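# Close look at the chain arrangement
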Number of protein chains: 2
Amino acid sequence: MTRPAHVVAVDLGGTTIKAARYGPQGIAEETLRIPTPSSKGQDAVVAAVVQAATALVGPGVRAVGLCAPGLIDTETGVIHYAANLGLRDAPLAAAVADAVGLPVTLQHDVRAACMAERQLGLGTDVSDLLVVVLGTGLAAGIISDGRPIRGGTGIAGEFGHIPVHADGERCSCSQHGCVEAYAGGQAMIRRYRRTGKSAETAADIIARLGTDADADRIWSEATDALGRALVTSTLLLDHQRIVLAGGVTAAGTRLTVPVRHSLQRGLAWRTAPTVEISPLGAGAGLLGAALYAVTATGPAPAPLN
Amino acid sequence: MTRPAHVVAVDLGGTTIKAARYGPQGIAEETLRIPTPSSKGQDAVVAAVVQAATALVGPGVRAVGLCAPGLIDTETGVIHYAANLGLRDAPLAAAVADAVGLPVTLQHDVRAACMAERQLGLGTDVSDLLVVVLGTGLAAGIISDGRPIRGGTGIAGEFGHIPVHADGERCSCSQHGCVEAYAGGQAMIRRYRRTGKSAETAADIIARLGTDADADRIWSEATDALGRALVTSTLLLDHQRIVLAGGVTAAGTRLTVPVRHSLQRGLAWRTAPTVEISPLGAGAGLLGAALYAVTATGPAPAPLN
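Since we're looking at a predicted model, the values are computed, not measured. (Residues numbered from 1 in each chain as written. Chains lettered and ligands numbered in written order. Predicted model: local features only at pLDDT ≥ 70, side-chain atom pairs only at ≥ 80, totals over all residues. Heavy atoms only, no water.)

### Topic: the pairing of strand β7 (residues 87–90) of chain B
Residues and elements named next belong to chain B. Defined as follows: The criterion for strand pairing is that DSSP finds at least two bridges linking the strands in question. The helix count covers DSSP runs of H or I at least four residues long, the strand count covers runs of E at least two residues long, and both are numbered beginning at the N terminus.
Direction of pairing for strand β6 (residues 78–82) relative to β7: antiparallel, over a ladder of 3 bridges. Across the sheet, the residue bridging to I79 is A90, located in β7. The loop that links β6 with its antiparallel partner β7 comprises 4 residues; one of these, G86, has a positive phi angle of about 65°.

Pasting the structure below:
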């Protein structure tokens, strides 16, 4: 098991930049959160990440690990495209490296979360793991035979646009019937509002389960769609375990029970992989970014104790 | 590039056992075909494979590579389950090794075909490849970052049962809407016969394209379903190239043109991988079995010339 020792990690999200410095035992010694200045343009976003990293780097820190959404080139440390952040060809790793004078890695946030799950969460005892992060959209990290799947152009794991209903609900991607058009947070809110009622977040819908038939129907269609997409992923990749992450997992068994049912129903002739909720919470991406930085710079020296 | 030199390969199929001995240049020197005695029980099937291997092993042969459909344990060389062959826990590799006194490997036939494509077909210049074998059923071999995907229990690539139409056509697996229920050879024949007309093979349907509206519709639904399943696979695994193999590929551009169209339509925001027909024909499994045997026993000595 790798521990995130002696590194700083920064998780660049659509609304918040989270950062942490991990000490010799791999425990976060200091953390910070700042708003992402995504409306102020690319330079402001890059500068905010540099600021967060610089604020935490100190004596003993050996490397910095970054993670972000979008189309990432891990070799060059460039974010080629991140719609929610307004970034195009942003050389994020180089900007941070120039400021702190340390090795800097950049990883896709969902793949970082998947690595954290593999090293420190529910993936430590399996070689074939799927981690699906349920948020506004849906994305997945895949570990096959112990190795993360990148894909030919680095964008494997685009789970959200798996088609589950031919000619179904319209998705933000302009196509129809994507799993995200049913199980994405934004989609659930949009579908619920069509009934004439109000909801600000997916949590509002979850809170009404059992007492509001519209909430029940939308949630049932969401978990069914998610189960169908997991069927396909299992058929192709033969996962041993599926871990669900992201805010919606606060629903607990109201999420896992129907998803497991939908998954097993679509895998009549084989045993379904287990479906669990990540124990790592919202910090999984940050932890994974730290782990990638450690992996890139070799094992940490033994703690002095 | 690996060449299948100095090995014998045997491809155990549902109706035919094919075998070949490959010489120093990796060229097949001698081949044989015998019917698979699948109605005569497990011992008869194993004995027929042993007979085929023994007939071709001669001086200079260093190893034997086997391939077969079903649930294969490549470590132990056992076929745990192969419905069409009537096999359960058949120790095929050990039986052949006992008879010929050489190292013997056993590989899944579709993964063997995928390896042949990777080494000697259309996959030599890519790291992320999907090979879909279109037959009675549909199965896929996946290469990701240059490595074959096995899955947690060794059954990755179950492409045929990807759901493409919720509550759609009933499949042989007892579920509904699987891609195989539209694009599998047996399914196409069954769907065509429902119109009251006769067809013995998928080729009969293909031959009537352009002159028979029922053939056109069934073919269109088949290629559309195949395209939809390829969308999902591309989203998850980000293939650089998709290679179609199996008898139905004789349809040529009548297959590739609509499949490419369906694939691109489902990948609106990204470039679709290229879709090509395998140049290796029905011998791809045999060739791949030979390649796995070579890989397991190290490179061949240089030919003397």
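### With respect to the sheet that holds strand β13 (residues 274–277) of chain B
Residues and elements named next belong to chain B. The strand order β11-β10-β9-β12-β13 describes an open sheet built from 5 strands, whose pairing is mixed. The open sheet has two free edges, formed respectively by β11 (147–148) and β13, since each of these has just one partner strand. Sheet topology note: the strand β9 (residues 129–134)/strand β12 (residues 241–245) ladder contains 5 bridges and is parallel. For V132, the partnering residue across the bridge sits in β12 and is L244.

### As for the relation of the copies chain A and chain B
Operational definition: Overlaid copies result from least-squares superposition on C-alpha atoms, with residues included only where pLDDT is at least 70 in both. Residues are treated as being in contact if the distance between any of their heavy atoms lies within 4.5 Å.
For these two chains of identical sequence, chain A goes onto chain B by a turn of 180° and a shift of 0.0 Å along the axis, with RMSD 0.0 Å. The symmetry that links the two subunits is that of a two-fold axis. Most of the interface of chain A is mirrored in chain B, where 100% of its interface residues again form contacts.

### Some remarks on the packing of helix α1 (residues 42–56) of chain B against helix α2 (residues 92–100) of chain B
All names here are of chain B. Applicable threshold: Orientation is described by lines fitted to C-alpha atoms, with helices fitted over the stretch in contact, and by angles between N-to-C directions that extend from 0 to 180 degrees. Angular relationships are summarised with four words: roughly parallel below 35 degrees, roughly antiparallel beyond 145, roughly perpendicular across 65 to 115, and oblique for the angles in between. Crossings are classed by handedness, with left-handed meaning an anticlockwise turn of the near helix from the far one by less than a right angle and right-handed meaning a clockwise turn.
At their nearest, the axes of α1 and α2 sit 9 Å apart, and the two run at 40° to each other. In terms of orientation, α1 lies oblique with respect to α2. In terms of crossing hand, the pair formed by α1 and α2 is right-handed. Here α1 contributes V46, V49, V50, A53 and T54 to the contact with α2, which in turn contributes L92, A95, V96, A99 and V100.

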